Amino acid sequence: MSEGLSDRELARLLSGRDSPSALDKEAVFERVMAETPARRRRRWAAFAVPLAAAAAVVLAVLAVPREAAFGPKGAGLANLELSCVRGEAPAPCAPGATLVFDVTPPAERPYFAAFARRPDGAIVWYRPAPGERTARASGVLEAGVHLGPEHPPGRYAVFGVFTAEPMARAELRAALGDELASNDRVTVVRRPLEVREGRP
Amino acid sequence: VSADLTQDRALLDGFRRGERAALERVYRAHVDEVIRLFRHGFVSGEARVQGLADLDACLDLTQDVFIRAFSPRARAGYDGLRPYGPYLARIAKNLWIDRLRASGREVSLAAAAVDDGPAPEDHIGISEAPEPEVDLDRRRLDEATRAFLATQSEELQTFVRLRFVEERSQYEVLEAMKVTRRRVRTLEKQALSGLRAFLADRGLP
């Protein structure tokens, strides 16, 4: 009997086609979304940069050739997205803003380090802090980086480095070598960053 | 539905973050391609995978394709440079081949390695399998549905055209008809329950 027809079957009749209806497709989408985890939402209020994190922004000038390139080998599914906020709102990346990391580690290399190469070739370490080792990281990191005087305006290259084991900066330097590229010990993701002129 | 991830940076960013609005746009833009692939089958090399006549089986596979395609790893793995449709079709084909193998059905080697390239345009190769035969019950139901619609108000007919024929979302329908969300829900209920009662009165199916 027709009482047995579901809304989805009736919708197929109303469409005039012997194919899935709008209701079918919407039902599928809802089931897909139920199985699809979103990345952790940004909670802008949580981005007050801890003093310790700000203090961890340490300049460490390394003998890094500026033309060093990052190859795709080993990049896998790692990803790094950068954005800037000021207070709780999105903002241009300029002195006084906070640089926010959105990290997607590859499954086999969950430990995360980050640094930037400034326009003058100097390296600015973000994490790990001096004397510490990298920690696991995923999603939007609670601790951003305050863009202070060590970040003069210009074009930067920000590097996210993923490793299978916790590493200190010296170990990371050794693993990265001069190439600063993905290899059998590290997965490297490179992102451009332009720090604009602005007042702190 | 336009959702070009290679051209729309904001959409790509939202997609990678797993934002519902972005995923819905991508889904709506591509769901018909995926369903069509499962209904008609596809060719890969010299092998051909037959399509499925069972709509619900197509929908189950379609659901699994999008669950796989929208996973954080797959979202991060899409480079945003190549068209998304072929990327999605590869996921669909590989999933289907995996299922066929798991069910014990033989899949030729030519169809078993749907790789990453190189030419997006030639990925589909959907075979021209004939449409499933329309049975007599379906014909009677279609005729009764047309008779039902002919008796309905212009407003309800417009709603049915927008919502079910053109497959617009409830929100798009309310914007097009300039009515409230509540009115759209009422019209949807009227269309479905009205058709159900109309068919029941005629002893259908």
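Residues numbered from 1 in each chain as written. Chains lettered and ligands numbered in written order. Predicted model: local features only at pLDDT ≥ 70, side-chain atom pairs only at ≥ 80, totals over all residues. Heavy atoms only, no water.

So, on to the interface of chain B and chain A. Size of an interface, as often reported, equals the accessible area lost when the parts are brought together. Facing the 45 residues of chain B at the interface are 41 residues of chain A. For the pair chain B and chain A, the two sides together bury roughly 4200 Å², of which 61% comes from carbon and sulfur. Run the count over chain B and chain A and you get eight salt bridges. Among the salt bridges present, the one from Arg196(B) reaches Asp7(A), with a minimum N-O distance of 2.7 Å. Broken down by secondary-structure element, the contributors of at least two residues to the side of chain B that touches chain A are α1 (9-17), α2 (20-40), α3 (55-69), α4 (72-77), α6 (136-150), α7 (154-165) and α9 (181-201) of chain B. (Contact = heavy atoms within 4.5 Å. Buried area = accessible area lost by both parts, 1.4 Å probe. Salt bridge = Lys/Arg side-chain N within 4 Å of Asp/Glu carboxyl O. Helix = DSSP H or I, 4+ residues; strand = E, 2+ residues; numbered from the N terminus.)

With that settled, the discussion passes to the packing of helix α2 (residues 22-34) of chain A against α3(B). Contact geometry for α2(A) and α3(B): axes closest at 9 Å, N-to-C directions at 40°. Of the possible angle classes, the one that applies to α2(A) and α3(B) is oblique. Relative to α3(B), α2(A) is oriented so that their crossing is right-handed. For the pair α2(A) and α3(B), the contacting residues are Asp24(A), Val28(A), Arg31(A) and Val32(A) in the first and Leu59(B), Gln63(B), Phe66(B) and Ile67(B) in the second. Tallied by class, residues from the contact of α2(A) with α3(B) come to five nonpolar, one polar and two charged. (Axes fitted to C-alpha atoms, helices over the stretch in contact; angles between N-to-C directions. Parallel < 35°, antiparallel > 145°, perpendicular 65-115°, else oblique. Left-handed = near helix turned anticlockwise from the far one by under 90°. Nonpolar A, V, L, I, M, F, W, Y, C, P; charged D, E, K, R; others polar.)

Bringing the pairing of strand β6 (residues 123-127) of chain A into the picture now. All names here are of chain A. With four of five residues buried, β6 lies mostly within the body of the structure. In this structure, strand β5 (residues 111-117) lies alongside β6, joined through four bridges in antiparallel fashion. Within the sheet, the bridge partner assigned to Ala114 lies in β6 and is Arg127. Joining the antiparallel neighbours β5 and β6 is a turn of five residues, in which Gly121 adopts a positive phi near 95°. (Buried < 20%, exposed > 50% of the residue type's maximum accessible area, 1.4 Å probe, protein only. Pairing = 2+ DSSP bridges.)

The next thing to look at is α2(B). Residue and element names in this part refer to chain B. Taking 1.5 Å per residue as the helical rise, α2 with its 21 residues ought to reach 30 Å, and the 29 Å between its terminal C-alpha atoms agrees with that figure. Its maximal kink placed at His30, α2 deviates by approximately 45°. Listing the buried residues of α2 in full gives Ala22, Leu23, Val26, Tyr27, His30, Val31, Val34, Ile35, Leu37, Phe38, Arg39 and His40. Two residues or fewer past α2, Gly41 is found with a positive phi of approximately 80°. (Expected span 1.5 Å × (residues − 1). Bend = angle between axes of the 7 residues up to and from the residue.)

In this section: the pattern of salt bridges. Under the counting rule described, the total for this entry stands at 22 salt bridges over all chains. Between Arg12(A) and Asp24(A) there is a salt bridge, and its shortest N-O distance comes to 2.8 Å. With Arg12(A) in helix α1 (residues 7-15) and Asp24(A) in helix α2, this residue pair connects regions lying 12 residues apart in the sequence. Summarising the burial analysis for this pair, Arg12(A) and Asp24(A) share the class buried. Each of Arg8(A), Arg12(A), Asp24(A) and Asp56(B) takes part in salt bridges that share partners, so that together they form one network.

Moving on to the state of the cysteines. Residues and elements named next belong to chain A. Evaluated as defined, the whole model comprises one disulfide over all chains. Between the sulfur atoms of Cys84 and its disulfide mate Cys93 the distance is 2.0 Å. Taking the sign of the torsion about the S-S bond as the criterion, the disulfide between Cys84 and Cys93, at about 105°, is right-handed. Here Cys93 falls in the buried class, since its relative accessible area comes to 12%. (Disulfide = S-S within 2.5 Å.)

Before going further, it helps to examine the environment of Ala53(B). Residue and element names in this part refer to chain B. Relative to the helices and strands, Ala53 is located in the loop between β2 (47-50) and α3. Residue classification places Ala53 among the exposed positions, given a relative accessible area of 56%. Once the C-alpha coordinates of Ala53 and Phe38 are considered, the two residues, 15 residues apart in sequence, prove to be 8.9 Å apart.

Throughout the structure, instances matching the rule amount to 18 aromatic pairs over all chains. Seen in terms of ring centroids, Phe101(A) and Phe112(A) are 6.3 Å apart; in terms of plane orientation they differ by 65°. Their pairing is edge-to-face. Placement of Phe101(A) in strand β4 (residues 98-104) and of Phe112(A) in strand β5 is noted, with a sequence separation of 11 residues between them. Taken individually, Phe101(A) and Phe112(A) each receive the classification buried, so the pair is uniform in this respect. Consider the rings of Tyr84(B) and Tyr87(B), whose centres lie 5.6 Å apart with planes at 35°: the pair is tilted. Placement of both Tyr84(B) and Tyr87(B) in helix α5 (residues 84-102) is noted, with a separation of three residues, approximately one turn of the helix. Accessibility classification places Tyr84(B) together with Tyr87(B) in one group, the buried group. Aromatic rings pair up to connect Phe29(A), Phe15(B), Tyr27(B), Phe66(B), Phe70(B), Tyr78(B), Tyr84(B) and Tyr87(B) into one cluster. (Phe/Tyr/Trp six-rings, centres within 6.5 Å; stacked < 30°, edge-to-face > 60°.)

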